Amino acid sequence: MNSFFLTKNNQLHAEAVPMSDIAAQFDTPCYVYSRAALTDGFLQFTQALQGRDHLICFAVKSNSNLAILNVFARLGAGFDIVSGGELQRVLAAGGDAGKVVFSGVGKTEAEMRLALDAGILCFNVESAAELVRLNDVAADMGKIAPISLRVNPDVDAKTHPYISTGLKQNKFGVAYTEAVALYRQAASLPNLHITGMDCHIGSQLTEISPFIAAIEKILVLVDELAAEGITLEHLDLGGGLGICYSDETPPAIADYIAAILGALQGRTQKIILEPGRVLVGNAGVLLTRVEYVKPGEEKHFAIVDAAMNDLMRPALYDAYHYITAVEQEAHPTQIYEIVGPICETGDFIGHARELAIAPQSLLAVHSAGAYGMSMSSNYNTRPRAAEVMVDGETVQLVREREMVSQLWAGERIMVV
Ligand code: LLP
């Protein structure tokens, strides 16, 4: 799907490495990432934002492997986190706490303490109750918490309902109509320091217009606040830029940024963005092997060694992932249901795919770098897949394949 995963000499490569070499060395199922793809995406953002005060906070939830976080940290990225666990991952990966923004509707007191101790850049507060709790926790610690309010602009992101977040009926953010009053309340709380405004309207957006509509709405609030003497240092515009899985035509990063800069003309605040999918989605492939080919009365099944526990998106959102044979082999072409071994009819990776494959063939499930491994589970007591990162001609293991014994390591049998 991009220039980092290309077919050369009849075989799919990750950068310069043949996929079959990776399968031979690390076994399957295995997530394969391209460092060059990660770097390329990040640099597209920084180049488009050159000359403008900005911070790109990678959305950790999209892929939280330490090696991925470390690649972005080395490029100067900040991070958008939604849990104390993600904060600890960022720190373990060498990320800078001072470049972390903390989103999420349910921050616990323990998570607030962790983040205040680490000295994060900003809490993106999502309710009045959270404002009060954060002020109390900060007071107890003798600290001042930097905050933004996450404003729900009531804009239709035109994406899958499960990943649309900026509508009135969604649980995210504070109501647009209540935002100014809540800023006033925040200004009155002694252990909070207002630094910005935040807004994230959804994920896998393939049009620019909802982003711009959201910006226009929040700028009205920014001006209302300024008139009351509440000035903001930054505007956090969230993530959400989509990628091409099949035939979508999302805007290029440069065009998305140009549109944002256009909408922000005359504004001096630092721009924070929280991209996840667009940075990692097409930088990763899930490599899997065909175990069985099972001809059926109505459909032919290719049963592969990856399943919904490895890549949940098809089962959860009916999401489409492009699937190709790693090597062009002389097998009859058939239309297959690509399914995993899990005991659920929803355990499919792709429907009706035309492929020339046989048992032992390797398949590449494309665009799997975002919300693949990070949403994986151990359902059916399946150890999580290995993850590797390719860098030119080299491949490094960045997460060992899980062992079954690790899966029950914390479990106990009743004493009597
Ligand atoms: N910021 C906030 C506050 C978010 O909630 C999200 C994603 C992002 C940034 C990053 O959005 P991105 O740039 O990746 O679109 N599991 C779903 C996607 C869930 C997205 C949740 N929030 C999927 O597999 O499609």
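Residues numbered from 1 in each chain as written. Predicted model: local features only at pLDDT ≥ 70, side-chain atom pairs only at ≥ 80, totals over all residues. Heavy atoms only, no water.

Once that is clear, we can look at the site of the ligand. The ligand sits among 19 residues. The nearest are Ser 203, Glu 274, Arg 313, Tyr 317 and Tyr 371. Considered on its own, the ligand offers 590 Å² of accessible surface; in the complex 93% of this is hidden by protein. Classifying every residue of the shell around the ligand gives six nonpolar, seven polar and six charged. Counting the residues that make up the shell around the ligand, at least three belong to each of domain 1 (5-33 + 281-407) and domain 2 (104-273). (Near = heavy atom within 4 Å. Areas by Shrake-Rupley, 256 points an atom, 1.4 Å probe, with all protein chains shown as cover. Nonpolar A, V, L, I, M, F, W, Y, C, P; charged D, E, K, R; others polar. Domains from an automatic or database assignment.)

So, on to helix 4 (residues 84-92). Of the residues making up helix 4, those classed as buried are Gly 84, Glu 86, Leu 87 and Val 90. Angular distribution of buried residues about the axis of helix 4 spans 160°; they occupy a single face of the element. Looking at the buried residues of helix 4, the elements they touch are helix 3 (66-74), strand 6 (78-81), strand 7 (100-102) and helix 5 (109-118). Capping the start of helix 4, Ser 83 holds a side-chain oxygen 3.3 Å from the backbone nitrogen of Gly 85, two or three residues further along. In the segment just after helix 4, Gly 94 is the residue with positive phi, at about 90°. (Buried < 20%, exposed > 50% of the residue type's maximum accessible area, 1.4 Å probe, protein only. Helix = DSSP H or I, 4+ residues; strand = E, 2+ residues; numbered from the N terminus. Arc of directions from axis to C-beta. Contact = heavy atoms within 4.5 Å. Polar contact = N/O pair within 3.5 Å; in protein donor to acceptor, adjacent residues only side chain to side chain.)

A few words now on the domain arrangement of the protein chain. Split by domain assignment, the protein chain resolves into domain 1 (5-33 + 281-407) and domain 2 (104-273). Between domain 1 and domain 2, the C-alpha centre-to-centre distance is 36 Å. With 10 residues of domain 1 at the contact, the number on the domain 2 side is eight residues. Carbon and sulfur atoms make up 59% of the area that domain 1 and domain 2 hide from each other, which totals about 720 Å². Run the count over domain 1 and domain 2 and you get zero salt bridges. There are one residue pair in polar contact (both at pLDDT 80 or more) connecting domain 1 and domain 2. (Buried area = accessible area lost by both parts, 1.4 Å probe. Salt bridge = Lys/Arg side-chain N within 4 Å of Asp/Glu carboxyl O.)

Within the secondary structure, Met 375 is located in the loop between strand 19 (362-365) and strand 20 (386-391). Not counting residues within four places of it along the chain, the set of residues in contact with Met 375 comprises Met 312, Leu 316 and Tyr 317.

At a closest axis distance of 10 Å, the pairing of helix 7 (residues 179-188) and helix 8 (residues 209-227) adopts a crossing angle of 40°. Classified by the angle between their axes, helix 7 and helix 8 sit oblique to one another. Pair helix 7 / helix 8 crosses with right-handed handedness. For the pair formed by helix 7 and helix 8, the contact residues are Ala 179, Val 180 and Tyr 183 on the first element and Leu 221, Glu 224 and Leu 225 on the second. Partitioning the contact of helix 7 with helix 8 into residue classes produces five nonpolar, no polar and one charged. (Axes fitted to C-alpha atoms, helices over the stretch in contact; angles between N-to-C directions. Parallel < 35°, antiparallel > 145°, perpendicular 65-115°, else oblique. Left-handed = near helix turned anticlockwise from the far one by under 90°.)

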